[in-house]
Amino acid sequence: MGMRTVIYFLVSMGVSNVAAAQSLQAADSRVEVFGGIGWGHLFRVEDQTFGDRPNIAAGLGVELFPRVRVELEFSDTVGLTPDSTPCGAPPGITCVGEGRDGFSRARMATGNVAYFFSNGRTQPYITGGIGTLWSKGVSSITFGGGNPWIITEQEFHERGLVWHVGTGVRLAVTRRIFIRPEFRIYDSTIQSRVNLNMLRGSVAVGYGW
């Protein structure tokens with residue numbers, strides 16, 4: 001399943017639930033908890049993509065002003081596996097060792113602000129925020145100039161700043177339960193050596209009181 005399929009799914013779900021949501025009376029909740037699952041496309045703009053992987057998230061939201069909520073969210077992209085890297089030695093040169101490039105972990109904690117365009121049962125919104133990205137992975141290094149060439153890998157752990165923007169819709173299921181299909185763009189190129197980016201489509205289920 002790619003990002004195009006996920007986006008189509010989110011749009012279809014949102015449209016199909018609008019009519020049902022119109023007949024419900026949403027509660028005036030000041031505190032909400034939510035959890036969701038989605039699909040994240042990880043990439044670096046300058047050189048490579050790391051594929052599409054499942055992303056899980058959980059968070060807490062508090063109403064700051066009417067139509068404005070602040071949220072704390074934790075998310076984890078699961079199933080990341082570094083790819084094997086060829087040595088690149090020319091014909092006639094023996095290559096010794098193994099190397100991989102890529103990520104095995106990409107976790108985020110973000111503080112977000114969401115603005116809702118409606119107080120009704122169907123609430124389109126925009127969101128944005130900043131937080132911390134914890135990443136783990138390996139990079140390969142090839143030592144040439146002789147025979148054999150040697151390829152090896154080094155593990156890295158990185159913590160850097162990540163920011164995001166996104167949009168979605170909050171749909172009432174009952175007075176307390178809601179679903180939130182949404183799409184976000186994450187970027188860590190400001191203060192992170194790994195320059196990791198992610199496009200995420202997801203659906204969250206929440207409870208407010």
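Every value quoted in this text rests on a predicted model; they were computed, and no experiment measured them.

Calculation criteria
- Residues numbered from 1 in each chain as written.
- Predicted model: local features only at pLDDT ≥ 70, side-chain atom pairs only at ≥ 80, totals over all residues.
- Heavy atoms only, no water.
- Helix = DSSP H or I, 4+ residues; strand = E, 2+ residues; numbered from the N terminus.
- Buried < 20%, exposed > 50% of the residue type's maximum accessible area, 1.4 Å probe, protein only.
- Contact = heavy atoms within 4.5 Å.
- Areas by Shrake-Rupley, 256 points an atom, 1.4 Å probe, with all protein chains shown as cover.
- Phe/Tyr/Trp six-rings, centres within 6.5 Å; stacked < 30°, edge-to-face > 60°.
- Salt bridge = Lys/Arg side-chain N within 4 Å of Asp/Glu carboxyl O.
- Patch = residues over 30% accessible without salt bridge, like charges linked within 9 Å, V, L, I, M, F, W, Y side chains within 5 Å.
- Core = buried A, V, L, I, M, F, W, Y, C linked by side-chain atoms within 4.5 Å.

Caption draft 1: Spatial organisation of the overall build of the protein chain. A tally of helices and strands in the protein chain yields 1 helix and 10 strands. Across the protein chain, helices and strands are ordered from the amino to the carboxyl terminus as α-β-β-β-β-β-β-β-β-β-β. Out of the 209 residues in the protein chain, the part that is buried amounts to 40%. In the protein chain, the share of contacts with a sequence separation of at least 24, taken over all contacts with a separation of at least 6, comes to 64%. In the form shown here, the protein chain has an accessible surface area of approximately 10900 Å², with 61% of it arising from carbon and sulfur atoms.

Caption draft 2: Representation of the packing of aromatic side chains. Going through the model one piece at a time under the given rule, you end up with 5 aromatic pairs. Ring plane angle 85 degrees and centroid distance 5.6 Å describe the contact between Phe103 and Phe156, whose orientation is recorded as edge-to-face. Here Phe156 lies in strand 8 (residues 149-172) and Phe103 lies in strand 6 (residues 100-116), a separation of 53 residues in the sequence. Through a chain of ring-to-ring contacts, three or more aromatic side chains come together here, namely Phe50, Phe103 and Phe156.

Caption draft 3: A look at unusual backbone geometry. Residue Pro148 is bonded to the preceding Asn147 through a cis peptide linkage, with omega at 15 degrees. With respect to the helices, strands and loops of the structure, Pro148 is situated in the loop between strand 7 (122-143) and strand 8. Even without a glycine there, the phi angle at Arg67 is positive, about 75 degrees. Residues other than glycine seldom take positive phi values, yet Asn195 does so here, at roughly 55 degrees.

Caption draft 4: Examining the pattern of salt bridges more closely. Counted under the stated rule, the structure contains 13 salt bridges. Close ionic contact of Asp47 with Arg44 constitutes a salt bridge, the shortest N to O distance being 3.1 Å. Judged by its relative accessible area of 48%, Asp47 falls in the partly exposed class. Its relative accessible area of 18% is what places Arg44 among the buried residues. The residue Asp76 makes a salt bridge to Arg107 at a minimum N-O spacing of 3.4 Å. Remark: Arg107 occurs in strand 6 and Asp76 occurs in strand 3 (residues 68-77); sequence separation between them is 31 residues. The class of Asp76 is buried, set by a relative accessible area of 18%. Among the charged side chains, a salt-bridge network with shared partners connects Glu71, Glu73, Arg180, Glu182, Arg184 and Arg200.

Caption draft 5: Inspection of the environment of Gly92 at higher detail. With respect to the element layout, Gly92 can be found in the loop between strand 4 (83-84) and strand 5 (95-96). Judged by its relative accessible area of 71%, Gly92 falls in the exposed class. Measuring from C-alpha to C-alpha, the distance between Gly92 and Pro148 comes to 9.5 Å, with 56 residues separating the pair along the chain.

Caption draft 6: Quick peek at a nonpolar patch on the surface. Taken together, the side chains of Val33, Leu60, Val62, Leu64, Phe65, Val70, Val113, Val173, Ile177, Val205, Tyr207 and Trp209 define a hydrophobic patch exposed on the protein surface, amounting to about 1000 Å² of accessible area. Elements with a contribution of two residues or more to the nonpolar patch: strand 2 (48-65) and strand 10 (197-208). When residues in the nonpolar patch are grouped by element, the largest group, 4 residues, is from strand 2. Assignment of secondary structure puts Val33 in strand 1 (residues 31-44).

Caption draft 7: Summary view of the nonpolar core. If you look at the biggest cluster of nonpolar residues, it comprises 12 residues: Leu42, Phe50, Leu80, Phe103, Ala106, Met108, Leu133, Val162, Tyr186, Val194, Leu196 and Met198. Ranked by residue count, the leading element in this core is strand 6, at 3 residues. When near neighbours in sequence (up to four residues on either side) are disregarded, Leu42 contacts Thr49, Phe50, Gly51, Thr77, Leu80, Leu196, Asn197 and Met198.

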